[in-house]
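Residue-level structure breakdown
Residues per chain, in single letters:
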Amino acid sequence: MARGATMRAAFYEGARRFRTGTASVPAPGPGEALLRVRRVGICGTDLHIFQGHLDHRVPRGGVIGHEALAEVAEAPAGSGFTAGDRVVVEPLWFCGACRACRMGGSYLCYNLKVLGVDLPGGMREYWPVPVGRLLKVPAVLGDDHAALIEPLSVATHDVRRARVGTGDAVVVFGGGPIGALIAMVARQKGARVVVAEVNPFRLDMLATLGLQTVGPDQDLVGFVNDWTGGDGADVAFEVTGNPKAVRAMTEVVRVWGTVSIVAIHSEPMPVNLYQMFARELSMHGSRLYAREDWEEAIRLAASGAITLGPLVSRTIPLEALQEGMEQALGGGPVMKLLVDLTA
Ligand SMILES: [Zn+2]
Ligand SMILES: [Zn+2]
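What you see is a predicted model; the values in this text were computed from it and never measured.

So, on to the coordination of the zinc ion (ligand 2). For the zinc ion (ligand 2), the protein coordination sphere consists of Cys 95 (SG), Cys 98 (SG), Cys 101 (SG) and Cys 109 (SG), at 2.3 to 2.4 Å. Here the zinc ion (ligand 2) is ringed by four donor atoms whose angles at the metal span 103 to 120 degrees, and the overall shape comes out tetrahedral.

Below, the structure written as structure tokens:
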């Protein structure tokens, strides 16, 4: 890559404003590969950024984007990567020295920084990334599908942490991209799964994926009771952030069952702790992912065990980022939006 060349990039200009312009192609630092970005997914975190909720973390003029599929343009000799490799990016910086890092939980580092939030991300044609944060993608996975490896890694992490196994009954509150992926990963583990969702487009999509659903007109607690012969589900995942789901989540789980909190709750919410006590439930949080979750996500996606195609609602060029954010924020008939940096 010739130094001094320019590239297209999208810049965060404050609440509800993205601007696509140009910048110099960055030079990779020591231990970094220079990536040519091909796809970047837009997720709920990006929508929070768009609304100005994360202005304490994302600088004005910052570049967001943490769900990337890219091609290596340049890599340091001996790094194991060479020009042309297709890679996904584990978008985390951690200190390696704090209690979380020392315990093996570097994705929960007390000093964690997320690439595309706290540090510059991938909404640009060229992105320098430490080689330690790259994973190769098998050729069998197309660009659009490979761009979903990041959210799929969230799902493999959530399912692993909740120890979902063969024959388990699993309730997923929320059928957006993460909820749908959790449901498919749990099903692949041999669980039977039901997804509670209110959006009619998403209910249709979940049915297309062969998933059982409970809609807004149905009594979920009654449904799960019948579905499990009165026992309750083995595991419930809370992926909505909605108070009604939080109220119901401890009421659908069996004795010694598990409640997993996946949604980002920025406000305290009432929980039925009587059920927590009476059935001796376990509740835990589930955030981000470890390296093994990425490896499993790549394996599952490459084997075709998880259906990814229908989750991509639309692919947009970088110039349409502003409009794409507005559309995604408006809800309606949208699952995942991808930015195509090659368009
Ligand atoms: Zn995301
Ligand atoms: Zn740390």
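Any two of four tetrahedral donors ideally make an angle of 109.5 degrees at the metal, while pairs among six octahedral donors ideally make 90 or 180 degrees. Coordination sphere of the zinc ion (ligand 1), protein contribution only: Cys 43 (SG), His 66 (NE2) and Glu 67 (OE), at 2.1 to 2.3 Å. In primary sequence terms, the donor set of the zinc ion (ligand 1) follows C-x22-H-E. With Cys 43 in the loop between strand S3 (32-42) and helix H1 (44-50) and Glu 67 in strand S4 (residues 67-74), this pair connects stretches of sequence that are 24 residues apart. As far as the burial class goes, Cys 43 and Glu 67 line up, both buried.

We now examine the packing of helix H4 (residues 149-161) against helix H5 (residues 177-188). Interhelical geometry of H4 versus H5 gives an angle of 55 degrees and a closest axis separation of 8 Å. Classed by the angle they form, the pair H4 and H5 counts as oblique. Between H4 and H5 lies a crossing whose hand is right-handed. Every residue of H5 that contacts H4 at Pro 151, Leu 152, Val 154, Ala 155, Thr 156, Asp 158 and Val 159 is listed here: Ile 178, Leu 181, Ile 182, Val 185 and Ala 186. Considered class by class, the residues forming the contact of H4 with H5 number ten nonpolar, one polar and one charged.

Another point: the nonpolar core. Ranked by size, the top nonpolar core spans 97 residues in total, and within it Leu 35, Met 123 and Phe 237 carry the most contacts. Tallying contributions element by element places H5 first for this core, with seven residues. No fewer than three residues from each of domain 1 (6-148 + 308-340) and domain 2 (155-285) sit in this core.

This part is about the packing of H4 against helix H10 (residues 291-303). Running from N to C, H4 and H10 point in directions that differ by 115 degrees, and their axes come no closer than 8 Å. The angle between H4 and H10 falls in the class roughly perpendicular. Relative to H10, H4 is oriented so that their crossing is right-handed. Residues Ile 149, Glu 150, Leu 152, Ser 153, Thr 156, His 157 and Arg 160 of H4 touch H10, and the partners they reach there are Glu 292, Asp 293, Trp 294, Glu 296, Ala 297, Ile 298, Leu 300 and Ala 301. Here the contact of H4 with H10 is composed, by residue class, of seven nonpolar, three polar and five charged.

Under the definition given, this model contains five aromatic pairs. An angle of 55 degrees between the planes, with centres 5.9 Å apart, marks the rings of Tyr 274 and Phe 277 as tilted. Taken together, the positions of Tyr 274 and Phe 277, both in helix H9 (residues 273-278) and three residues apart, correspond to about one turn of that helix. Looking at Phe 277, the relative accessible area reads 61%, which means it is exposed. Through a chain of ring-to-ring contacts, the aromatic side chains of Tyr 12, Phe 18 and Phe 50 assemble into a single cluster. It is Lys 136 that lies over the ring of Phe 81; its NZ or CZ is 5.3 Å from the centre. Over the ring of Trp 227 we find Arg 192; its NZ or CZ atom is 4.6 Å from the centre of that ring.

Here is what the cut-offs are and how they apply
Residues numbered from 1 in each chain as written. Chains lettered and ligands numbered in written order. Predicted model: local features only at pLDDT ≥ 70, side-chain atom pairs only at ≥ 80, totals over all residues. Heavy atoms only, no water. Donors = N, O, S within 2.8 Å, 3.2 Å for Na, K, Ca; no water. Tetrahedral: all angles 85-135°; square planar, octahedral: opposite > 155°, others 65-115°. Helix = DSSP H or I, 4+ residues; strand = E, 2+ residues; numbered from the N terminus. Buried < 20%, exposed > 50% of the residue type's maximum accessible area, 1.4 Å probe, protein only. Axes fitted to C-alpha atoms, helices over the stretch in contact; angles between N-to-C directions. Parallel < 35°, antiparallel > 145°, perpendicular 65-115°, else oblique. Left-handed = near helix turned anticlockwise from the far one by under 90°. Contact = heavy atoms within 4.5 Å. Nonpolar A, V, L, I, M, F, W, Y, C, P; charged D, E, K, R; others polar. Core = buried A, V, L, I, M, F, W, Y, C linked by side-chain atoms within 4.5 Å. Domains from an automatic or database assignment. Phe/Tyr/Trp six-rings, centres within 6.5 Å; stacked < 30°, edge-to-face > 60°. Lys NZ or Arg CZ within 6 Å of the ring centre and 35° of its normal.

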